[in-house]
Structure formats: structure tokens, C-alpha cells
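Residue-level listing of the chains:
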Amino acid sequence: MMSLGTNTTDLNVSFGYQCSSTVSFLNGDVPSKTDVDNSFTKLHTSSSFSCLSGAAISANYTLANTNICNGVIASEILPELDSPNSFRKLVSSPSLSKLDLLSSSPTSPPKSTGPPTDCNTSNGVLFEITPNDPWGSSSALTRLESSNFLNSMDAQTAGGAAGEDRVQAVCSERNGLLFCGIYDGFNGRDAADFLASTLYENIRYYLYRLEQQINQNHNLSPSNHDNVHSELTRSIGIPETEEGNVDQLVWSGSFQDGVVDCLVRALEQAENDFLCRVEMEMEDRPDLVSIGSCVLIVLLHGSNLYVLNLGDSRAVLATVDNNDLRAVQLTETHTVDNDMECQKLLANHLDDPQVVNYGKVKGKLKVTRAIGVGYLKKKEFNDALMGILRVKNLCSPPYVYTNPHTLSHRVSENDLFVVLGSDGLYDFFDNDEVVSIVSKFIKQNPFGDPAKYLIEQLVVRAAQKAALTVEELMNVPAGRRRKYHDDVTVIVILLGNNKQRTLTAST
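In the annotation of an unreviewed UniProt entry, the protein chain is listed under the name protein-serine/threonine phosphatase and assigned to Rhynchospora pubera. Annotation of the protein chain in UniProt includes, under Sequence similarities (unreviewed entry), the sentence "Belongs to the PP2C family." The record in UniProt for the protein chain states the following under Cofactor (unreviewed entry): "Mn(2+)".

A. Examining the overall build of the protein chain more closely. Scanning the protein chain for helices and strands turns up 15 helices and 16 strands. Per-residue burial for the protein chain yields a buried fraction of 59% across its 507 residues. At a minimum sequence separation of 6, the contacts of the protein chain that also span at least 24 residues come to 72%. Within the structure as shown, the protein chain displays about 20500 Å² of accessible surface, and the carbon and sulfur contribution to it stands at 48%.

B. The arrangement of the pattern of salt bridges in detail. For the structure shown, the criterion picks out 18 salt bridges. Residue Arg285 pairs with Asp287 through a salt bridge whose shortest N-O separation is 2.8 Å. Among the ionic pairs, Asp352 bridges to Lys362, the shortest N-O distance being 2.9 Å. Of this pair, Asp352 sits in the loop between α9 (339-347) and β11 (356-357) while Lys362 sits in the loop between β12 (360-361) and β13 (371-372); the two residues are 10 residues apart in sequence, bridging distant segments of the chain. A single salt-bridge network, built from bridges that share partners, covers Glu332, Glu341, Lys344 and Arg369.

C. Layout of the sheet that holds strand β1 (residues 13-18). On the basis of which strands lie adjacent, the open sheet formed by six strands has the order β1-β2-β16-β15-β9-β10 and antiparallel pairing. The two strands at the open ends of the sheet, each matched to only one other strand, are β1 and β10 (324-329). Sheet twist, expressed as the average angle between the axes of neighbouring strands with direction ignored, equals 15°. In terms of strand pairing, strand β9 (residues 314-321) meets strand β15 (residues 415-421) through six bridges, oriented antiparallel. Looking at the pairing, Val316 lines up with Val419 of β15. Here helix α13 (residues 450-465) sits on the sheet in contact with β1, β2 (49-57), β15 and β16 (488-495), set at roughly 35° to β2.

D. Region of interest: α9. Among the residues of α9, those classed as buried are Glu341, Cys342 and Leu345. An end-on view of α9 places all buried positions within 100° of arc, on one side of the element. Residues of α9 that are exposed and point over 90 degrees away from its buried face: Asp339 and Met340. Capping the start of α9, Asn338 holds a side-chain oxygen 3.0 Å from the backbone nitrogen of Met340, two or three residues further along.

E. Expanded view of the nonpolar core. Residues Phe417, Val419, Leu425, Leu454, Ile455 and Val490 are the most contacted members of the largest nonpolar core, which totals 36 residues. Breaking this core down by element, the ones donating at least two residues are β2, β9, β15, α11 (423-426), α12 (431-444), α13, α14 (470-474) and β16. At nine residues, the largest contribution of residues to this core is made by α13. Sequence-distant contacts of Val490, defined by excluding residues within four places in its chain, comprise Ser53, Gly54, Ala55, Val419, Leu420, Leu425, Ala451, Leu454 and Ile455. With 33 residues, the next largest nonpolar core counts Leu199, Cys262, Val264 and Val295 among its residues.

F. Region of the structure containing the packing of α12 against α13. Running from N to C, α12 and α13 point in directions that differ by 125°, and their axes come no closer than 10 Å. The pairing of α12 with α13 is recorded here as oblique in orientation. Like other packed secondary-structure pairs, α12 and α13 cross with a definite hand, here right-handed. Taken together, the residues of α13 that come into contact with α12 (itself represented by Glu433, Val434, Ile437, Val438, Phe441 and Ile442) are Pro450, Tyr453, Leu454, Gln457 and Arg461. Grouping the constituent residues of the contact of α12 with α13 by class yields eight nonpolar, one polar and two charged.

G. Broad picture of the environment of Val435. Note that Val435 resides in helix α12. Val435 sits 117 residues away from Ala318 along the chain, and the two C-alpha atoms are 6.0 Å apart. If we ignore the near neighbours within four places in the chain, the residues touching Val435 are Val316, Leu317, Ala318, Leu325, Ala327 and Phe417.

H. Here's a closer look at the packing of aromatic side chains. With the rule as written, the count across this model stands at six aromatic pairs. Between Phe15 and Phe87, the ring centres sit 5.4 Å apart and the planes meet at 85°, which makes this aromatic pair edge-to-face. Of this pair, Phe15 sits in strand β1 while Phe87 sits in the loop between α2 (72-81) and β3 (88-89), placing them 72 residues apart in sequence. As far as the burial class goes, Phe15 and Phe87 line up, both buried.

I. Geometry of the pairing of β9. Here β9 lies mainly inside the structure; six of its eight residues are buried. Alignment of β9 against β10, held across six bridges, turns out to be antiparallel. Looking across to β10, one finds that Leu317 is bridged to Val328. Remark: two residues form the turn of the hairpin made by β9 and β10, two consecutive strands paired antiparallel; Asn322 in that turn has positive phi of roughly 55°.

Cut-offs and rules
Residues numbered from 1 in each chain as written. Predicted model: local features only at pLDDT ≥ 70, side-chain atom pairs only at ≥ 80, totals over all residues. Heavy atoms only, no water. UniProt positions renumbered as here; feature names shortened; annotations may be inferred. Helix = DSSP H or I, 4+ residues; strand = E, 2+ residues; numbered from the N terminus. Buried < 20%, exposed > 50% of the residue type's maximum accessible area, 1.4 Å probe, protein only. Contact = heavy atoms within 4.5 Å. Areas by Shrake-Rupley, 256 points an atom, 1.4 Å probe, with all protein chains shown as cover. Salt bridge = Lys/Arg side-chain N within 4 Å of Asp/Glu carboxyl O. Pairing = 2+ DSSP bridges. Axes fitted to C-alpha atoms, helices over the stretch in contact; angles between N-to-C directions. Arc of directions from axis to C-beta. Polar contact = N/O pair within 3.5 Å; in protein donor to acceptor, adjacent residues only side chain to side chain. Core = buried A, V, L, I, M, F, W, Y, C linked by side-chain atoms within 4.5 Å. Parallel < 35°, antiparallel > 145°, perpendicular 65-115°, else oblique. Left-handed = near helix turned anticlockwise from the far one by under 90°. Nonpolar A, V, L, I, M, F, W, Y, C, P; charged D, E, K, R; others polar. Phe/Tyr/Trp six-rings, centres within 6.5 Å; stacked < 30°, edge-to-face > 60°.

Shown next, in the form of C-alpha cells:
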């Protein structure tokens, strides 16, 4: 297959991480075989990934900064997230201390300060928070940062922006934890920006509450950090002793359900918070009611892989079945092109004869589930739009939903890698092709960057389809290039929780 060579500098995002944290790769900065071999000996038994890479390329023209939340995201949060070239140590993000400015819906964790709101959005919270544990207190923040989940003390992060796509990755080898998020925005970047700046912190918070609940239920002292970590390690299915295997049987099912619930509740909060901000600001910016984002989250914790998605981004697992490489889709496709989704949508609006027009929901949108797009969810949001932008005959909203698809999977010895991609990737490759391309590349280039290579091959195919050379396509400016391909974001996670499996995955 062809490679873009020097054209890879046109990628908007490119990052790589290799276990151990002393070894990383980026833009050809490849570790030596000695470095990699040494890193294998340093892998913690809790680690079930060996490395990951991310790459993204834009096609849409978008403004440099968002204005939602009165510019707080643009001025203080996004510069830390926008397209760093490598992983860096995670520090408390501005969104943690300024979440009261960004999230003010009734579902938000209680704060000591924050503007009042009359937003009509409402939903329940996963845990009851006592007056002795206010979210705004410094002690609560300290306990959150020392939590075993998404521990900021030893975690590293990377991310970036490509057109209207946003991507995040946070990893902690000590806890065997990896968080990846792809937010594919549409009609603007504000919803994807909001998710990139708040969703991870929401998840951290709910996982912290889950950990606290486990500690209380099993009489574990939070001050005994090693004991707590040991118990939690066994609870997520990582055997330490025969006694630990017994704990696994007792804890595993409820723990996994709790993690999935945390992801769902964090997403619910993000939706409520974003629509609340839209309602507060739509008088000055009515375009906010049409802006939305798909969501794809993968959380790898020990040997448990959790997936959540809204929209048409996709996660595909590469696994070996009877010595054959097989692609397993871990996500649902929430578009009107999916017959099951379309039938559900029609069944929910039996009195509306024009639910799907021109292959789109109310003639506006192909995805059936997404964050934001308030004008397809509430009449008052639709009324804020003028002329042809307004949806006619909005009979029975909502027409776009936020109930996500979730999945939990126990990583096995036969699972090799997971590919996460926004829908632009799958405009050109099906699941089998994606797995085949990545697998062949890893075998031929065990120290290479599979995510970047996958983007390169997409550009090659897009150029061929348009009867252009790669150079001609890459010279097409953002905005016009959308004619040839979408914004595309890719993350490749190489699985393996010991030296043998890592070698199998990478060679």
C-alpha cells in the first residue's frame, strides 16, 4: 500500500503512547527494540494494553474558537486540549475548578458556587451526596484526585481538534486504565468542544462516587490506599491469589454494571448541561440549537472493556477465531440508514407522516441519537430559528435521542486490538478492511503508528475516488475538501496484559 510520506505533516492530530511510560512514539520518533523489550518487563499485571496511537485529519472549515459558556472553554480549556503532539502528565484541568461555570443543570454535582438557572432539564443523579461531602470543597477535590479511578497523579493525556471532530485519550498504567473519547461534531464545533472539556471530568466524578460506595459497602478504609487498590484490582477481574478469584466472583458483575451506569449518567449530565447552556445563550446565538455531536467512549479498566456510543462513530475489535482474523463491531450505528433505528423512530411518531424526509430525520439530520441538536428535541429551541432553518411540523419531539448503546467485554488472549473511528473512516473502509489494514501494518512495522497509517490510506483512497493525486487532494483547502472526505479521527489500541500477548499483538 502507498504511504503519504511528508504529507503526514498535514494531520491535525497525531499522538502515540507505548507502555511503559518511559517509551513513546510520535511522527517517526520510534523507540528502539531494546527500549520496547525493557518496557515489557515493566508492565504492571493490571495493564491490558501495550500501546495506542491517534491521528485525525480535517475536511470541514470551522472557527478557531467556540463562544459557548461566554468563552470560558475557548480561553481556558481548549488550548490545553487542542492538538498536543504527544502525551503529557495530566494535571487538574480548568474544567474541574470551573465546572460550576460550564455545568449548571439540576443534574450537575453540587457545587459551593455557581450561577442559578431556570433550565427545565432534569434527571436523577447516580449517588446521593451528603452535606458533609460537598463537591465544591477542597477535601472532595483532593479525594477525587487521589482516587484509584482515572488517577491524575500518574495519568497522562493527549488529544486534539480536527475540523469539528474532537479526540481525547487518558491512560494510567499503574491502574491498568485507558480512557478514549471521540466526539464528532456537526453544524458547528460547540457541542464537541463542550464534551471535550467536561465529559471526562463527569466520568471521573461518577467513578469516584462508585469507588466510594464500594469502599463503604465493604468496610474499606480510604486511608489505606494500598488495601483499597488491591481490593478494587481483584474486583475488576485481575486475579492476585486464589482468594482474589473468589472476590472476583462476588464483585465482578455488580462492579461492571456500576461502571456502565457511571458512563451513562455522565453522558446524561453532559446532555442536560449543554442544553441548559444553549437555552441560556440562544438569544444571542440561535445557531446553538442546531449544533450537536456524536459520542464514542471506550474505557479499558483491567481486563474489562467498556464501550458507549451515540451516533455513527464506530469501535471495531480485532480478534482471532480458529486462527482467522475477525472484525467484531462493538457499537451500534444510530442513523436512518439503519433499518432498526429507522423503524424505532417511525414507531415513536405514528401521528407524524414526515418523520424521515430525503433520508434524514425531519429532512435535517441522518443520525438518530446525538448530544445537542435541541431544535429536534424541544419546540422552544426550534422556534428560536428563523425561516428555512426552522423545522416545519415539529409534531411530537424529541426526534433525536440521547439513550446510548453500551457494551462491556472481557478482553481475552485472542483479542489483538481495537480501532475507534468517526464515521468518515467508514465512508471508505468496512470493518474487515480496517482490521486487515491495521493488522498487516503492525506485522510489517511493529514499532510504527497504525492510526496515522490508516488515515494515510484513507487519503489515498479518497484521492483515487476523486481522480486526483494525493498532493492535489491535500492542497484543497478546508471546507472545500469536505466534498472529497469528512473529518476523520482514528485511535488504535493494541491490547495485551503480559509480554506474550503484547508480542502477539504487535508482531
